[in-house]
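Each chain is listed here by its residues.
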Amino acid sequence: MTRPETVAAVAAAAGLAVGGWFYAALYPTSQIFGRVVIAGDDPAEVALTYDDGPNPSATPQLLDLLAKHQVRATFFLIGDSVRREPALARQIAAARHLIGNHTMTHPWLSYQSAGRIRSEIADANALIEDTIGAKITLFRPPHGARRPIVLHTAREFGLATVNWNIITHDWRVQPPASIVEKVRNGIRRNRAYGCGSNVLLHDGAMDQPRTPTIEATETIIADAKDTGMRFVTPEAWV
Ligand SMILES: [Zn+2]
């Protein structure tokens, strides 16, 4: 190779390596940095997972809706928000929803030191377990971002790491119908692949009403019941 070709080849290899790292660290279903729970192989199963709560402006309304339809969901709670809203965290647990660890302050763990990763996971675990009086078994890294030490540290605390296979971008303002459409498309795709559906939604962050997410949830539940889907939690897939 000529020198420019060599430089180009090295740059291309570096680009692939960087691209590979981003895929492994940030692609929600990637298993390269270690096992991440996504879904099982029963296409009739669907898990509704709500992140970033508890949020007094949205979580109570969501709990009412889930209770009305007798659907059990999963809530990945932020430790700082649990400290501000302990009664609401206990209300989620009392309604028999599954509660998981979503770190103390919601940083991108792929870029944090080993010490920070440990304290984010450990502090949230201790606080949530003390608050609800039950053991936590699931962990969802903020933004789905991880590297091997994140998964390793979670395992040390007895936590299985859970991501998703349907993303709705519901943290951006959009009509409920747009959230519903993404879920319908995702479920159709997962059924074609022969796997269950793990839907990422948000009842947090703090003080946002999340009305489109709550309205979309009502339609997602009606759809799922019409098509014979069963609601599960990701514990079924660990
Ligand atoms: Zn989050």
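Since the structure is predicted, the reported quantities are computational estimates derived from the model, not experimental observations. (Residues numbered from 1 in each chain as written. Predicted model: local features only at pLDDT ≥ 70, side-chain atom pairs only at ≥ 80, totals over all residues. Heavy atoms only, no water.)

> Help me understand the coordination of the zinc ion, please; the structure alone is not making it clear to me.
Around the zinc ion, the protein contributes the donor atoms D52 (OD), H102 (NE2) and H106 (NE2), which lie 2.0 to 2.1 Å from the metal centre. Each donor residue of the zinc ion belongs to the same chain, and together they define the spacing D-x49-H-x3-H. (Donors = N, O, S within 2.8 Å, 3.2 Å for Na, K, Ca; no water.)

> Before we go on, may I ask you to explain the packing of helix α7 (residues 176–193) against helix α8 (residues 211–226) in this structure?
Helix-helix packing is characterised by the crossing angle of the two axes and by the distance between the axes. With their axes 8 Å apart at the nearest point, α7 and α8 run at an angle of 40° to one another. Judged by the angle between their axes, α7 and α8 are oblique. The handedness of the crossing between α7 and α8 is right-handed. Across the interface between the two elements, P176, I179, V180, V183 and R184 of α7 pack against P212, T213, E215, A216, T219, I220 and D223 of α8. Taken together, the residues of the contact of α7 with α8 break down into seven nonpolar, two polar and three charged. (Axes fitted to C-alpha atoms, helices over the stretch in contact; angles between N-to-C directions. Helix = DSSP H or I, 4+ residues; strand = E, 2+ residues; numbered from the N terminus. Parallel < 35°, antiparallel > 145°, perpendicular 65-115°, else oblique. Left-handed = near helix turned anticlockwise from the far one by under 90°. Contact = heavy atoms within 4.5 Å. Nonpolar A, V, L, I, M, F, W, Y, C, P; charged D, E, K, R; others polar.)

> Explanation requested: the environment of I117 in the structure shown.
Within the secondary structure, I117 sits in helix α5 (residues 114–132). For I117, a relative accessible area of 0% puts it in the buried group. If we skip the residues at most four places from it in the chain, I117 touches L109, Q112, R147, I149, V150 and T153. (Buried < 20%, exposed > 50% of the residue type's maximum accessible area, 1.4 Å probe, protein only.)

> Where do I start with the packing of aromatic side chains in this structure?
Here a ring pair, both rings aromatic, is described through the centre-centre distance and the interplanar angle of the planes. Using the criterion set out here, one finds four aromatic pairs in the structure. Ring geometry for W21 and Y111: centres 6.0 Å apart, planes at 35°, overall tilted. Here the residue W21 occupies a position in helix α1 (residues 3–26), and Y111 occupies one in the loop between β3 (98–101) and α5, the gap between them amounting to 90 residues. Here Y111 falls in the partly exposed class, since its relative accessible area comes to 47%. Pairing Y50 with F75 gives two aromatic rings, centres 5.5 Å apart and planes at 25°, and the pair type is stacked. One end of the pair, Y50, is in strand β1 (residues 45–53); the other, F75, is in strand β2 (residues 74–77), and 25 residues separate them in sequence. Like Y50, the residue F75 is buried in the burial classification. An aromatic cluster of at least three residues, connected via ring pairs, comprises W21, F22, W108 and Y111. (Phe/Tyr/Trp six-rings, centres within 6.5 Å; stacked < 30°, edge-to-face > 60°.)

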